[in-house]
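Listed here are the chains, written in short residue letters.
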Protein chains: 6
Amino acid sequence: MMTRPDILVVNPNSNAVVTAGFDAALAPLRFSDGPAIRCVTLEDGPYGVETQADVESVSLPLRRLVEREQGAGAFVIACYSDPGLHVCREGTKAPVFGICEAGLLTALARGDRFGVIAIGEGTMARHQRYVRQMGLYERFAGERPLKMSVAESAAGENTLARMIEVGRDLMRLDRCDVIVMGCAGMSRHRRPLEEALGVPVVDPVLAAVTMAIGAVQAAGA
Amino acid sequence: MMTRPDILVVNPNSNAVVTAGFDAALAPLRFSDGPAIRCVTLEDGPYGVETQADVESVSLPLRRLVEREQGAGAFVIACYSDPGLHVCREGTKAPVFGICEAGLLTALARGDRFGVIAIGEGTMARHQRYVRQMGLYERFAGERPLKMSVAESAAGENTLARMIEVGRDLMRLDRCDVIVMGCAGMSRHRRPLEEALGVPVVDPVLAAVTMAIGAVQAAGA
Amino acid sequence: MMTRPDILVVNPNSNAVVTAGFDAALAPLRFSDGPAIRCVTLEDGPYGVETQADVESVSLPLRRLVEREQGAGAFVIACYSDPGLHVCREGTKAPVFGICEAGLLTALARGDRFGVIAIGEGTMARHQRYVRQMGLYERFAGERPLKMSVAESAAGENTLARMIEVGRDLMRLDRCDVIVMGCAGMSRHRRPLEEALGVPVVDPVLAAVTMAIGAVQAAGA
Amino acid sequence: MMTRPDILVVNPNSNAVVTAGFDAALAPLRFSDGPAIRCVTLEDGPYGVETQADVESVSLPLRRLVEREQGAGAFVIACYSDPGLHVCREGTKAPVFGICEAGLLTALARGDRFGVIAIGEGTMARHQRYVRQMGLYERFAGERPLKMSVAESAAGENTLARMIEVGRDLMRLDRCDVIVMGCAGMSRHRRPLEEALGVPVVDPVLAAVTMAIGAVQAAGA
Amino acid sequence: MMTRPDILVVNPNSNAVVTAGFDAALAPLRFSDGPAIRCVTLEDGPYGVETQADVESVSLPLRRLVEREQGAGAFVIACYSDPGLHVCREGTKAPVFGICEAGLLTALARGDRFGVIAIGEGTMARHQRYVRQMGLYERFAGERPLKMSVAESAAGENTLARMIEVGRDLMRLDRCDVIVMGCAGMSRHRRPLEEALGVPVVDPVLAAVTMAIGAVQAAGA
Amino acid sequence: MMTRPDILVVNPNSNAVVTAGFDAALAPLRFSDGPAIRCVTLEDGPYGVETQADVESVSLPLRRLVEREQGAGAFVIACYSDPGLHVCREGTKAPVFGICEAGLLTALARGDRFGVIAIGEGTMARHQRYVRQMGLYERFAGERPLKMSVAESAAGENTLARMIEVGRDLMRLDRCDVIVMGCAGMSRHRRPLEEALGVPVVDPVLAAVTMAIGAVQAAGA
């Protein structure tokens, strides 16, 4: 393999604080002789992806970005609604990972029933449909919201405390034994949350970039 | 993080050719500043894991190995029957990955319905039970055997040709759009098989080691 | 109820022949004192909705149309991929029906296992994901393509003969006992196809408009 | 089409108040040039269908009625246990709809998870078996009883208040987002219940008659 | 417990040859100090239970028989359509077993995927609905008909040869590894069929009477 | 049939009190001219099977026992984790029953949704995986622990009172209508528990031995 492959991680919303957050959190997956991991913010994305209209509004811009970046070895769509996942896959031969899909699949290797910490309530019906679409419903314990906006959860002081509270509800009431953080902007809370809860906590951005590393390295082998 | 974490990949059978095969195939996942990936052969394992008795015979030896190696950051059990997976998980706080579980979960991020190329016919009922246990049955297209022994498939000249034939049956008759190689000893065939079939082909050893890298790097973050 | 409610049936592709076809086929659901049924062609839609990019390209235009037409009593999205269904639902208090969803649900009241006659092969993975998303997989017998374009199937002389052939395969090989026509442009073939096959054949456009009539009439009661 | 088709809606219990109730509620589905909708009470039916013996006692009388009325374009069995549904289907070429089946299928086009307001507790195990039989279990949020008899619920002053209370439990505790009224005698409460709960409420009698209209009009096209 | 409990095995059809057949086949379950096993033919039952009308026609007569025989320790309904199973359960505190239900459940302890040898084609949709109702669909390999009447299959010379042929199709094409005989009148073929096929063959009448013995003996303990 | 067949019931743990307990409880299944039922304690088994390591530690000893006892007509593994079930099946042509599998299957003939009374909390994830493996998840209401050790539950005075309490929670909170006792050492509580709860209570040891009787008697027919 001549050149280092490239993994492009796209934040579909225009909140650069979120991009910067997971960019920093991805440091442990940046190896000197491993794939380059480039994090970019989608131009013209909404400030947060909350409604279905937000989801739809970024799918074709993501597709165009994927088409422009044909040199990339793999793509990661870093929004828990996996917007545009299938339309991006249609537009490139490179593998495309969605952080929700990759996060849930990774969780299934760490526990028996997964629980999801969502940001708000508005996305839960959409996530549930998606769990059924992926055929993973028998392993789904439940999803509970922080009842915060993406911006609040990324910035707020109380976010970790609230995540611990919601995580405990998911464990006790929904009987999950592994937690998935249902947002791209929660990376820095993964480790303290895992320590507080005592069960594995999966950061979906790390999960997806990990899968992307495996895919590009296998392809180049 | 002071020291490089360690991923221990255990071949539960005593066929060192198989171990050497995947050890070589893991080269693309060895990064100079990434986790060390050590491949070992289980002492006293059977020459191949084919029967249920073979599976059972290695579960406690694997557990003991895991207990002896408490310094490892993660473990990978490199046999497609995932022998001892849950008993090993019980014996350590480090994450333990089975190549079947990790291979199937990774396949679900690459296609809609997965097909499995098995070695022999004797393992198919066991694999099918396991797919149900994992709750992944709705995405399971089918499993078809090479009708070879593990040793033959690892060594034989005709293995690739036969894998292509079986892969085409899985695509055409069972309508899969992603293939999982159902053995730890097929790594060197992944790339030519993928090129011949035109759909993603997942090597479960690479899939599991990839997940292990993600887990140890996240833990150390 | 003062005014006659209005059902807006939108063809998301720009092929006015398809719109005219189902407009005519909806005659039996136009009652003098029932809801008005208006069929419109989405401006700027692609000529046919075949790829995932086609699907994505019409979702926001459909949403905008729904928002503009707030007086409508119900909406029907007349494309078998149900593009924009959830984003349109988010944009109005009026019920929104997708012809695929309504067609499959209606078929479940007419037989035990449904088979789908698709136009081409490219849409089958998408349809299958969608059947899982709807939680209807246990009743899904299979989907088989005509291997025609939307335009060919709408216009062609041989379409009916080919539909009968595919329908027979669905009955014999996939053991379905009810057929859903997987396209908005097949309405005129429903009756002869049903006569030839001897099992119920569901036109999804009629199914969705029927549900829309029920919803608007109940709302006005 | 020469003659107006006829939809025969049969109340399998002998409580003519229930028949009169849904007869009135069906007014919005009676179009001057649409199918005639005739509501009849099964002679010799039990006063209410509550036990399994009640269900069985009406299946053959319903079959005989269907055989006598071969001119009807479609039949609706207006009891939430769908008694005799399959035996009636066997006895006629006309489509036969059960209000439970049609009500649940219609609900699936209006929300993601359906909840059912039952009359009493005795019917819940039967309904649950039936949801599994229909293959709709993944979308089933729950069923909760009013703890009233059919007669009480049809006549009583407090029925609506109790329905609102039970509906709120279904939404809050079982997380449904669409409600199905689990009885043929609740039609007049649909609209105020929907207004109180803020989610779609499906009257299964209207749902089934709507499907019947679609079927007879398509057949005559 | 003073008196020997009584298991009443009811043939819902009026074909006494069928009753005599399973009465003889039950000899190995008649122990000198075990429950009495009485086989009776339902008066007024149809000559064979083939149509849904046949099924419905015996449910209330079975219920009345159960109510008359309140001294029985357990009941077995010896028809593969399990007619009247739930209405009989409602009418007695004694356990009531259906041979289809008991046969399938017993098969699940003998193999991974069950196949069913049916008599005719007309009952297959009913059986499939019932498998879903029982929640056993993931273990259901398939059902294939002998294309004989009940009478033919009970009497005919060629029945065994045809059963072997159908059993082989179920094994090879549907990949079952345990067979259930889908009729009360096939008992005498169980052993030669099992020898010919090399997989367990379950006689549902024996399966149900076995469960009944367990239940009455436990109750008396 | 010349000789009385033999059913060997093996307690995989070395607690002879448990063996003696179910040996006594099996009295009602010992018929003078029926199969001999021999209860044995596995030499070298752990004192109780609680952890996954306990489960694994007995699978090969059970296999060896099965191989030594080739004259037995059937085997029952009398531990609710069904240790070694599939490896024992591989080692003999005689049928092998696990008490968990047989207990759950038997429960499905006595109620619609089963609840399980477990001993401790540590086994619940294992049991849940197993329910999925068996494909019975749609009928699984829940499992709740006594929070006792196997030894305590077998000996303790308070066991019955605690079982009633847990059983009531399973009925009220998880809506089960049949209970399975999740341990081989609870046999003597079956009858009073059933009387207290008013729903069928299944002793899995009796259930498995019952199935074994049916199998050996059919084989000898």
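Keep in mind that what you see is a predicted model, and the values were worked out from it rather than measured.

**Some details on the overall build of chain A**
Then comes step 1: Counting secondary structure elements, chain A contains nine helices and eight strands.
Then comes step 2: Whereas a compact globule of 221 residues would reach a radius of gyration of roughly 17 Å, chain A reaches 16 Å, a difference of no more than 12%.
Then comes step 3: Dimensions of chain A, computed from the C-alpha atoms along their principal axes, are close to 50 × 35 × 35 Å.
Then comes step 4: Within chain A, buried positions represent 67% of all 221 residues.
Then comes step 5: Contacts in chain A between residues far apart in sequence, at least 24 positions, make up 68% of those at least 6 positions apart.
Then comes step 6: Summed over its atoms, the accessible surface of chain A is roughly 7500 Å², and 51% of this surface lies on carbon and sulfur atoms.

**Digging into the relation of the copies chain F and chain B**
Put simply, the second copy of the chain is the first one after a rotation about an axis and a shift along it.
Then comes step 1: If you rotate chain F by 180° and push it 0.0 Å along the axis, it lands on chain B with an RMSD of 0.0 Å. In symmetry terms, the pair is related by a two-fold rotation axis. By C-alpha distance to the rotation axis, the residue of chain F lying nearest is F:Gln133, at 1.9 Å.
Then comes step 2: Comparing contact sets, 100% of the residues at the interface of chain F also lie at the interface in chain B, consistent with an isologous, same-surface contact.

**Some details on the interface of chain F and chain B**
Then comes step 1: Taken together, the 16 residues of chain F in the interface contact 16 residues of chain B.
Then comes step 2: Carbon and sulfur atoms make up 58% of the area that chain F and chain B hide from each other, which totals about 1400 Å².
Then comes step 3: Three residues stand out in chain F for area buried against chain B, namely F:Glu56, F:Arg129 and F:Gln133, and they jointly supply 35% of the buried area on that side.
Then comes step 4: Connecting chain F to chain B are zero salt bridges.
Then comes step 5: Scanning the region where chain F abuts chain B turns up 10 residue pairs in polar contact (both at pLDDT 80 or more).
Then comes step 6: Elements that contribute at least two residues to the side of chain F that touches chain B include exactly α2 (52-68), α3 (85-90) and α5 (124-133) of chain F.
Then comes step 7: No other element matches α2(F), which puts seven residues into the side of chain F that touches chain B.

**A closer look at the domain arrangement of chain A**
All names here are of chain A.
Then comes step 1: If you check the domain split of chain A, you get domain 1 (6-98 + 205-220) and domain 2 (101-203).
Then comes step 2: Between the C-alpha centres of domain 1 and domain 2 the distance comes to 20 Å.
Then comes step 3: Taken together, the contacts link 22 residues of domain 1 with 26 residues of domain 2.
Then comes step 4: Between domain 1 and domain 2, the buried area comes to about 1800 Å², and carbon and sulfur atoms account for 56% of it.
Then comes step 5: Area buried by domain 1 at its contact with domain 2 is led by Glu50, Tyr80 and Ala207, which between them contribute 35% of it.
Then comes step 6: One can count one salt bridge joining domain 1 with domain 2.

**Topic: the relation of the copies chain B and chain A**
Then comes step 1: Note on the copies: chain B fits chain A at an RMSD of 0.0 Å, the axial shift is 0.0 Å, and the rotation between them is 180°.
Then comes step 2: Taken together, the interface assignments show that 100% of the residues at the interface of chain B recur at the interface of chain A, consistent with an identical surface on both copies.

**A few points about the sheet that holds strand β5 (residues 114-118) of chain A**
Residue and element names in this part refer to chain A.
Then comes step 1: The strand order across the open sheet built from four strands is β6-β5-β7-β8, with neighbouring strands paired in parallel fashion. The outermost strands of the open sheet, each flanked by one partner alone, are β6 (140-145) and β8 (201-202).
Then comes step 2: Sheet topology places β5 next to strand β7 (residues 178-181); four bridges connect them, and they run parallel. Within β7, the residue paired with Val116 across the bridge is Val180.

**Re the interface of chain B and chain A**
Then comes step 1: Taken residue by residue, the interface counts 36 residues in chain B and 36 residues in chain A.
Then comes step 2: Across the chain B/chain A interface, buried area totals approximately 2800 Å², and carbon plus sulfur atoms make up 59% of it.
Then comes step 3: Interface area lost by chain B to chain A is led by B:Phe31, B:Leu105 and B:Ala109, which between them contribute 18%.
Then comes step 4: In this assembly, chain B and chain A are joined by zero salt bridges.
Then comes step 5: Counting across the chain B and chain A interface gives 13 residue pairs in polar contact (both at pLDDT 80 or more).
Then comes step 6: For the side of chain B that touches chain A, the elements supplying multiple residues, two or more each, are β4 (96-98), α4 (99-107), α8 (190-197) and α9 (204-220) of chain B.
Then comes step 7: The element contributing the most residues to the side of chain B that touches chain A is α9(B), with 10 residues.
Then comes step 8: Counted by class, the side of chain B that touches chain A contains 19 nonpolar, eight polar and nine charged residues.

**Here we look at the confidence of the model for chain A**
Then comes step 1: Averaged over chain A, the pLDDT score is 94; the fraction of residues at 70 or greater is 97%.
Then comes step 2: Per the prediction output, this complex has pTM 0.96; the corresponding ipTM is 0.96.

**Comments concerning the sheet that holds strand β2 (residues 36-41) of chain A**
All names here are of chain A.
Then comes step 1: The parallel open sheet is built from four strands, whose spatial order is β2-β1-β3-β4. On the outer flanks of this sheet lie β2 and β4 (96-98), each paired with one strand and no other. The sheet shows a mean angle of 20° between the axes of neighbouring strands, direction not considered.
Then comes step 2: Across the sheet, helix α2 (residues 52-68) lies against β1 (6-11), β2 and β3 (74-77), angled at about 160° from β1, the strand it touches most.

**Observations concerning the packing of helix α4 (residues 99-107) of chain A against helix α9 (residues 204-220) of chain A**
A pair of packed helices is captured by two measures, namely the crossing angle of their axes and the spacing between those axes.
Residue and element names in this part refer to chain A.
Then comes step 1: Axis separation between α4 and α9 bottoms out at 8 Å; the angle between their running directions is 90°. Between α4 and α9, the crossing angle belongs to the class labelled roughly perpendicular. Facing Ile99, Ala102, Gly103, Leu105 and Thr106 of α4, the residues of α9 in contact are Pro204, Val205, Ala207, Ala208 and Met211.
Then comes step 2: Considered class by class, the residues forming the contact of α4 with α9 number eight nonpolar, two polar and no charged.

**Some words on the pattern of salt bridges**
Then comes step 1: As enumerated under the stated definition, the model contains 72 salt bridges over all chains in all.
Then comes step 2: The salt bridge partner of A:Asp174 is A:Arg144, with a shortest N-O separation of 2.7 Å. A residue pair is termed long-range when its members are at least 10 positions apart, and A:Asp174 in the loop between α7 (159-172) and β7 and A:Arg144 in strand β6 qualify at 30 residues.
Then comes step 3: The partly exposed category is assigned to A:Arg144, whose relative accessible area is 25%.
Then comes step 4: Here C:Glu101 and C:Arg89 are joined by a salt bridge, their closest N and O atoms 2.7 Å apart. Here C:Glu101 is found in helix α4 (residues 99-107), whereas its partner C:Arg89 is found in helix α3 (residues 85-90), with 12 residues between them in sequence.
Then comes step 5: Look at C:Glu101 and you get buried, because its relative accessible area is 4%.
Then comes step 6: With a relative accessible area of 22%, C:Arg89 lands in the partly exposed category.

**Observations concerning the pairing of strand β2 (residues 36-41) of chain C**
Then comes step 1: Pairing analysis gives six bridges linking strand β1 (residues 6-11) of chain C to β2(C), with the strands arranged parallel. By the bridge assignment, C:Ile7 is partnered in β2(C) with C:Ile37.

**So, the pairing of strand β5 (residues 114-118) of chain D**
All names here are of chain D.
Then comes step 1: The element β5 is largely enclosed, with a buried count of five among its five residues.
Then comes step 2: Burial along β5 is two-sided: the face carrying Phe114, Val116 and Ala118 and the face carrying Gly115 and Ile117 are both buried.
Then comes step 3: Bridge count between β5 and strand β6 (residues 140-145): five bridges; the pairing is parallel. Directly across from Ile117, in β6, lies its bridge partner Arg144.

**A short note on the state of the cysteines**
Then comes step 1: Enumeration over the complete set of coordinates arrives at zero disulfides over all chains.
Then comes step 2: Lacking any disulfide linkage, A:Cys100 is separated from the closest cysteine sulfur, that of A:Cys79, by 9.2 Å.
Then comes step 3: For E:Cys39, which is in no disulfide, the shortest distance to another cysteine sulfur is to E:Cys79 and amounts to 15 Å.
Then comes step 4: Taking the relative accessible area as the measure of exposure, E:Cys39 reaches 16% and is therefore buried.

**So, the packing of aromatic side chains**
Then comes step 1: Scanning the entire structure with this criterion turns up 15 aromatic pairs over all chains.
Then comes step 2: Taken together, a centroid distance of 5.5 Å and an interplanar angle of 40° make the contact between C:Phe114 and C:Phe140 tilted. Here C:Phe140 lies in strand β6 (residues 140-145) and C:Phe114 lies in strand β5 (residues 114-118), a separation of 26 residues in the sequence.
Then comes step 3: The class for C:Phe114 is buried, based on a relative accessible area of 0%.
Then comes step 4: Where F:Tyr137 meets F:Phe140, the ring centres are 6.0 Å apart and the plane angle is 40°; that geometry is what we call tilted.
Then comes step 5: The class for F:Phe140 is buried, based on a relative accessible area of 11%.
Then comes step 6: Among the aromatic side chains, those forming a connected cluster through ring pairs are A:Phe114, A:Tyr137 and A:Phe140.

Conventions and cut-offs
Numbering of residues starts from 1 in every chain and runs along the sequence as written. Here the convention is simple: chains get letters from A, ligands get numbers from 1, in the order in which they are written. Only residues with pLDDT of at least 70 are given local features in this predicted model, and only at 80 or more are side-chain atom pairs given and counted; all residues enter the totals for whole chains, interfaces and linings. Only hydrogens and water are set aside; all other atoms, that is, all heavy atoms of the structure, feed into the side-chain values. The helix and strand labels rest on DSSP assignments: H or I over at least four residues marks a helix, E over at least two residues marks a strand, and numbering proceeds from the N terminus. Values of the radius of gyration come from C-alpha atoms, whereas the globule rule sets the reference at 2.2 Å times the count of residues to the power 0.38. Exposure classes here rest on a 1.4 Å probe applied to the protein chains alone. A residue is buried below 20% of its type maximum, exposed above 50%, and partly exposed in between. We call two residues contacting when some pair of their heavy atoms lies within 4.5 Å. Each accessible area is a Shrake-Rupley estimate made with a 1.4 Å probe; only the visible protein chains count as cover when residues are assessed. All copies are superposed by least squares; the fitting set is the C-alpha atoms of residues with a pLDDT of at least 70 in both. In short, buried area is how much 1.4 Å probe accessible area vanishes from two parts on joining, totalled over both. What makes a salt bridge here is a side-chain nitrogen of Lys or Arg within 4 Å of a carboxyl oxygen of Asp or Glu, nothing more. Here a polar contact means two N or O atoms within 3.5 Å. Within protein one must be a hydrogen donor candidate and the other an acceptor candidate, and residues neighboring in sequence count only if both atoms are side-chain atoms. Domain ranges listed in this record stem from an automatic or a database domain assignment. Two strands pair if DSSP finds at least two bridges between them. For this scheme, ten residues count as nonpolar: Ala, Val, Leu, Ile, Met, Phe, Trp, Tyr, Cys and Pro. Four count as charged, namely Asp, Glu, Lys and Arg, and the remainder, Gly too, count as polar. A score between 0 and 100, pLDDT records how confident the predictor is in each residue. A fitted line through C-alpha atoms serves as each axis, taken over the contacting stretch for helices, and the angle formed by two N-to-C directions is quoted from 0 to 180°. Working definition: roughly parallel below 35 degrees, roughly antiparallel above 145 degrees, roughly perpendicular at 65 to 115 degrees, and oblique for all remaining angles. Note on terminology: disulfide denotes any pair of cysteine sulfur atoms within 2.5 Å. Pairing of aromatic rings covers Phe, Tyr and the six-membered ring of Trp, with a centre-to-centre limit of 6.5 Å; geometry is then stacked below 30 degrees between planes, edge-to-face above 60, and tilted otherwise.

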